[in-house]
Amino acid sequence: MIKFFKSVGHEMKLVTWPSFKQNRHDTATVITSSILFAIYLGALDWAFSTLTQAIM
């Protein structure tokens, strides 16, 4: 078990962490994509709901 944790510690030293600027950019991309996808799905839901009510 100790060997495992030493190995994990060694691997964590090799990780290249993103900069603050890169992290902020990636976060903004995810939030923007999520909002646009929610708007798209909301529009589809509204359209199908309206179409279904018109048929019935």
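The notes below deal with the structure included here. Source: prediction; values computed, not measured.

Along its length, the protein carries two helices and zero strands. Rg of the C-alpha trace for the protein: 23 Å, well past the compact-globule value of 10 Å for 56 residues, more than 25% over. Its C-alpha atoms give the protein principal-axis dimensions of about 65 × 30 × 10 Å. Taking all 56 residues of the protein together, 0% fall into the buried category.

For the rest of this paragraph, the subject is the packing of aromatic side chains. Scanning the model with the defined rule gives one aromatic pair in all. With 5.4 Å between their ring centres and 65° between their planes, Phe 4 and Phe 5 make a pair best called edge-to-face. A residue is classified by how much of its surface remains accessible, and Phe 5, at 54% relative accessible area, is exposed.

Here helix α1 (residues 2-14) spans 19 Å end to end across 13 residues, near enough to the 18 Å set by a 1.5 Å rise per residue. Within α1, only zero of the 13 residues are buried, which leaves the element largely exposed.

Here we come to the environment of Thr 50. On the secondary structure map, Thr 50 appears in helix α2 (residues 20-55). Residue classification places Thr 50 among the partly exposed positions, given a relative accessible area of 36%. Separated by 37 residues in the primary sequence, Thr 50 and Lys 13 place their C-alpha atoms 56 Å from one another. Looking at Thr 50, its side chain comes within polar contact range of the main-chain oxygen of Trp 46, at 2.8 Å.

How each quantity is defined
- Residues numbered from 1 in each chain as written.
- Predicted model: local features only at pLDDT ≥ 70, side-chain atom pairs only at ≥ 80, totals over all residues.
- Heavy atoms only, no water.
- Helix = DSSP H or I, 4+ residues; strand = E, 2+ residues; numbered from the N terminus.
- Rg over C-alpha atoms; globule rule 2.2 N^0.38 Å.
- Buried < 20%, exposed > 50% of the residue type's maximum accessible area, 1.4 Å probe, protein only.
- Phe/Tyr/Trp six-rings, centres within 6.5 Å; stacked < 30°, edge-to-face > 60°.
- Expected span 1.5 Å × (residues − 1).
- Polar contact = N/O pair within 3.5 Å; in protein donor to acceptor, adjacent residues only side chain to side chain.

In short, geometric facts, not functional conclusions.
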